[in-house]
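As a plain string of letters, each chain reads:
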Amino acid sequence: MVATILDELADTVAPGVTTADIDAHNMELLKKYGVRSATIGYRGYKHSSCISVNHVVCHGIPGRKRLQKGDIVNIDVTVIVDGWFGDSSRMFVAGQPSRRAERLIQVTHDCLMLAIDEVRPGATFGDIGAAIQKHAALHRMSVVREFCGHGIGREFHLPPNVVHVGQRGQGAVIQEGMIFTIEPMINLGAAETKILADSWTAVTRDKSLSAQFEHSIGVTKDGAEIFTLSPKGRFFPTYVSL
Ligand code: MF3
Ligand code: CO
Ligand code: CO
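Residues numbered from 1 in each chain as written. Chains lettered and ligands numbered in written order. Predicted model: local features only at pLDDT ≥ 70, side-chain atom pairs only at ≥ 80, totals over all residues. Heavy atoms only, no water.

A. Local environment of the coordination of the cobalt ion (ligand 2). In this structure, D87 (OD), H150 (NE2), E183 (OE) and E214 (OE) serve as the protein donors to the cobalt ion (ligand 2), at separations of 2.0 to 2.2 Å. Here the cobalt ion (ligand 2) is ringed by 6 donor atoms whose angles at the metal span 52 to 161°, and the overall shape comes out irregular. Coordination of the cobalt ion (ligand 2) draws on donor residues from a single chain, spaced D-x62-H-x32-E-x30-E in sequence. In this model, the cobalt ion (ligand 2) sits 3.3 Å from the cobalt ion (ligand 3), the two metals being bridged by D87. Here E183, found in the loop between β9 (179–182) and β10 (185–187), pairs with E214, found in the loop between β13 (210–212) and β14 (215–219); they are 31 residues apart in sequence, far enough to count as distant. Classification of E183 as buried rests on a relative accessible area of 8%. With relative accessibility at 0%, the residue E214 sits in the buried group. (Donors = N, O, S within 2.8 Å, 3.2 Å for Na, K, Ca; no water. Tetrahedral: all angles 85-135°; square planar, octahedral: opposite > 155°, others 65-115°. Helix = DSSP H or I, 4+ residues; strand = E, 2+ residues; numbered from the N terminus. Buried < 20%, exposed > 50% of the residue type's maximum accessible area, 1.4 Å probe, protein only.)

In structure tokens, the structure reads:
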């Protein structure tokens, strides 16, 4: 459901559109599919999506901000279907982004997919973090530490914390049947973040660009099943609207 919605939101992301417009479109899609938003009312949050532009790391609040040509945009949608939560986010661009921004998006996507490749019964959560950290470091980018993935299921955020840095072989052992998100946030500059006065918006302290991709996955007998694959193949490469 979240993947289908993100596919349809892709057409709305363009220069001149506000992040409130995108959230309004998300509200229409939730209505069309008859599903509930998990974020409205969550710890006082009022919107059906988080929309994080450029140096915003995560939890960007939809509002009057108008997208400009070349902006990079993470849209994070969480819904509840028959009591089950689904959570996914991906990057969009308003027109063609800069080469640096494109590289950041590519590396962030690859960090998530390399992490998912680690998931199988007997592997550890440290293996996930290590894969992300290694790939980001290879490209001289940094991994945000203040936010992590999480168990998900009949509730939004469940144990364990799925940390995006770590050491191979360390941490809890992954078991068949576990369901959780992996959602690395990668910065072009330093890893440090701060929260704005609205007490939600997380930004990079050095104002460098940040990107994020998130999948909800389940652990199978010998690997992982991705529950939030894009039906239209729009998870990556990033969908460009002009
Ligand atoms: N969807 C986010 C996550 O990946 C959480 C957003 S909570 C909100 O866990 F209240 F900010 F919407
Ligand atoms: Co999540
Ligand atoms: Co999310």
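B. How the structure looks around the pattern of salt bridges. Within the structure shown, the criterion is met by 5 salt bridges. Among the salt bridges present, the one from D7 reaches R90, with a minimum N-O distance of 2.7 Å. Remark: R90 occurs in strand β5 (residues 84–94) and D7 occurs in helix α1 (residues 2–9); sequence separation between them is 83 residues. Look at D7 and you get buried, because its relative accessible area is 2%. Notably, a salt bridge pairs E118 with R168, separated by 3.2 Å at the nearest N-O pair. Pair noted here: E118 is in helix α3 (residues 99–118) and R168 is in the loop between β8 (158–162) and β9, with a separation of 50 residues, a long-range link. A network of salt bridges, in which partner residues are shared, links E118, D127 and R168. (Salt bridge = Lys/Arg side-chain N within 4 Å of Asp/Glu carboxyl O.)

C. Spatial organisation of the layout of surface pockets. In this structure, the largest pocket spans a volume of roughly 580 Å³. Every residue lining the largest pocket is counted, 28 residues in all, and those nearest its centre are Y42, H59, F147, H157 and W200. Mapped by element, the contributors of at least two residues to the lining of the largest pocket are β2 (49–53), β4 (72–81), β7 (149–151) and β8. Sort the elements by how many residues they give to the lining of the largest pocket and β4 lands first, with 3 residues. (1 Å grid on protein atoms, 1.4 Å probe; cavity = no way out; pocket = protein on both sides within 12 Å on 5 of 7 lines; lining within 4 Å. Points joined across faces, edges and corners; volume = space filled by probe spheres on them.)

D. Summary view of the packing of α3 against helix α4 (residues 125–138). The geometry of α3 relative to α4 is characterised by a closest axis approach of 8 Å and an angle of 150° between their N-to-C directions. Here α3 is positioned roughly antiparallel relative to α4, judged by the angle of their axes. Helix-helix and strand crossings are classified by hand; for α3 and α4 the assignment is right-handed. Residues V107, D110, C111, L114, A115 and E118 of α3 form the contact with α4, whose own contacting residues are D127, I128, A131, I132, H135 and A136. (Axes fitted to C-alpha atoms, helices over the stretch in contact; angles between N-to-C directions. Parallel < 35°, antiparallel > 145°, perpendicular 65-115°, else oblique. Left-handed = near helix turned anticlockwise from the far one by under 90°. Contact = heavy atoms within 4.5 Å.)

E. Examining the site of ligand 1 more closely. Taken together, 14 residues lie around ligand 1, and D87, H150, H157, E183 and E214 are the ones closest in. Within the side chain of D87, an N or O atom sits 3.1 Å from an oxygen atom of ligand 1. Contact between ligand 1 and H157: an oxygen atom at 2.8 Å from a side-chain N or O atom of the residue. The fraction of the free accessible surface of ligand 1 (340 Å²) that becomes covered by protein chains is 97%. Here the residues of the shell around ligand 1 sort into 5 nonpolar, 5 polar and 4 charged. (Near = heavy atom within 4 Å. Polar contact = N/O pair within 3.5 Å; in protein donor to acceptor, adjacent residues only side chain to side chain. Areas by Shrake-Rupley, 256 points an atom, 1.4 Å probe, with all protein chains shown as cover. Nonpolar A, V, L, I, M, F, W, Y, C, P; charged D, E, K, R; others polar.)

F. Spotlight on the pairing of β2. Across the 5 residues of β2, 5 count as buried, placing the element largely inside the fold. Of the two faces of β2, both are covered, the one formed by S49, I51 and V53 as well as the one formed by C50 and S52. In this sheet, β4 lies alongside β2 in antiparallel orientation, the contact comprising 5 bridges. Paired with S52 across the strands is N74, a residue of β4. (Pairing = 2+ DSSP bridges.)

G. Structural context of the sheet that holds strand β11 (residues 193–195). The strand order across the open sheet formed by 3 strands is β3-β12-β11, and the pairing between neighbours is antiparallel. The sheet terminates laterally at β3 (56–58) and β11, the two strands that pair on one side only. In this sheet, neighbouring strand axes are inclined to one another by 40° on average, regardless of whether the strands run parallel or antiparallel. As judged from the 3 bridges shared by β11 and strand β12 (residues 202–204), these two strands associate in the antiparallel manner. By the bridge assignment for β12, K194 is matched with V203.

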